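Chain by chain, the residues run as shown.
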Amino acid sequence: MISFEIWLLILGFSIPMVISPGPGNTLLAAAGGKFGVWRTIPFLIGFEVANLTWCFVYGLGLTQLFISHPFIREILKWAGVIYTLYLAYGFFSSSSLSDQIDMKPLKIIDGFLSVSLNPKIHSMILVMFSQFLNPEYPLFWQVVQISVVFLVVCIVCHLPWVYGGRILFSRIKTEKSLKMQGYVFGTCMILVALFVAFT
């Protein structure tokens, strides 16, 4: 069983990392602002399923693949840049009232890909497991416990980003303001892509 002190350290590490501004939270806020909280839930579910999946991948020792083959990280990085630019294109091209009505919300697979192609997530989860796994205890149950706690932290920290995006942009109803919103979100996605590309 993981000690109380280690739980505090895990929470002290994961909460600031998860709630802080970054590519993932920018996407969640943009989706919340564009589609509303309820229509963003599938995207959020995919987001959290990916977090849980990568916790198990890294926690159960599959990190050796990434350590032995660093080019895999580069592939994920550039795939993430391309995918984020694709999302930016979607926001730019749906900046009119009719497009706003027709634009489909992001799906579970979009959330899963957003996390899986984000190098910050991989680094964070890798560091978390390398710091907090104890070789004296059974690996599997430690991974399960840490992963579940990390998932709860993610849900609690990500929902305010979705809701905040919705609150911030809920009053935008005119054609001009919707066009501006699309440009703002598209520009945010380009900035996220640049951040990922140069970090």
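Please refer to the structure placed before this passage.
Moving on, we come to the packing of aromatic side chains. Within this structure, the stated rule accounts for 4 aromatic pairs. Ring geometry for Phe43 versus Phe47: centroids 5.8 Å apart, planes at 50°, classification tilted. In this pair, Phe43 and Phe47 are both assigned in helix α3 (residues 37–59), 4 residues apart and thus about one turn of the helix distant. According to the relative accessible area criterion, Phe47 is buried, its value standing at 2%. Geometrically, the ring pair formed by Trp54 and Tyr58 is tilted, given 5.9 Å between the ring centres and 40° between the ring planes. You can see Trp54 and its partner Tyr58 sitting in helix α3, 4 residues apart, about one turn around the helix. Like Trp54, the residue Tyr58 is buried in the burial classification.

Given a rise of 1.5 Å per residue, 16 residues ought to cover 22 Å, and the 22 Å separating the end C-alpha atoms of helix α1 (residues 4–19) matches this to within 8%. All buried positions along α1 are accounted for by Trp7, Ile10, Ser14 and Val18. Buried positions in α1, seen along its axis, are confined to an arc of 65° and lie on one side of it. Summarising the contacts, the buried residues of α1 are in contact with α2 (23–35), α8 (119–132) and α9 (139–169).

Inspection of the secondary structure puts His122 in helix α8. Judged by its relative accessible area of 5%, His122 is buried. From its side chain, His122 meets the backbone oxygen of Ser116 in a polar contact 2.8 Å long.

Attention now goes to the nonpolar core. Nonpolar side chains tend to gather and get buried jointly when the protein is soluble and globular. If you look at the biggest cluster of nonpolar residues, it comprises 34 residues, and the most contacted ones within it are Ile125, Met128, Phe129, Ile146 and Phe150. When residues of this core are traced back to their parent elements, those giving at least two are α1, α2, α3, α5 (71–93), α8 and α9. When residues of this core are assigned to their parent elements, the largest contribution, 8 residues, is made by α3. Setting aside its immediate chain neighbours within four residues, Phe129 contacts Cys55, Tyr58, Gly59, Val143, Ile146 and Ser147.

On to the packing of α2 against α9. For the pair α2 and α9, interaxial distance at closest approach is 7 Å and the crossing angle is 45°. The angle between α2 and α9 places the two elements in the oblique class. The crossing of α2 and α9 is right-handed. Across from Asn25, Leu28, Ala29, Gly32 and Gly33 in α2, the residues of α9 making contact are His158, Trp161, Val162, Gly165, Arg166 and Phe169. A breakdown of the residues in the contact of α2 with α9 according to their chemical character gives 5 nonpolar, 5 polar and 1 charged.

Our focus in this paragraph is the side chain of Ser147. Tracing the backbone through its elements, the reader meets Ser147 in helix α9. Excluding anything up to four places from it in sequence, Ser147 contacts Leu52, Cys55, Phe56 and Phe129.

Turning our attention to α8. Compared with an ideal rise of 1.5 Å per residue, which puts 14 residues at 20 Å, α8 spans 20 Å between its outermost C-alpha atoms and is within 8% of the ideal. Listed as buried for α8 are Pro119, Ile121, His122, Met124, Ile125, Met128, Phe129 and Phe132.

Rules used throughout
- Residues numbered from 1 in each chain as written.
- Predicted model: local features only at pLDDT ≥ 70, side-chain atom pairs only at ≥ 80, totals over all residues.
- Heavy atoms only, no water.
- Phe/Tyr/Trp six-rings, centres within 6.5 Å; stacked < 30°, edge-to-face > 60°.
- Helix = DSSP H or I, 4+ residues; strand = E, 2+ residues; numbered from the N terminus.
- Buried < 20%, exposed > 50% of the residue type's maximum accessible area, 1.4 Å probe, protein only.
- Expected span 1.5 Å × (residues − 1).
- Arc of directions from axis to C-beta.
- Contact = heavy atoms within 4.5 Å.
- Polar contact = N/O pair within 3.5 Å; in protein donor to acceptor, adjacent residues only side chain to side chain.
- Core = buried A, V, L, I, M, F, W, Y, C linked by side-chain atoms within 4.5 Å.
- Axes fitted to C-alpha atoms, helices over the stretch in contact; angles between N-to-C directions.
- Parallel < 35°, antiparallel > 145°, perpendicular 65-115°, else oblique.
- Left-handed = near helix turned anticlockwise from the far one by under 90°.
- Nonpolar A, V, L, I, M, F, W, Y, C, P; charged D, E, K, R; others polar.

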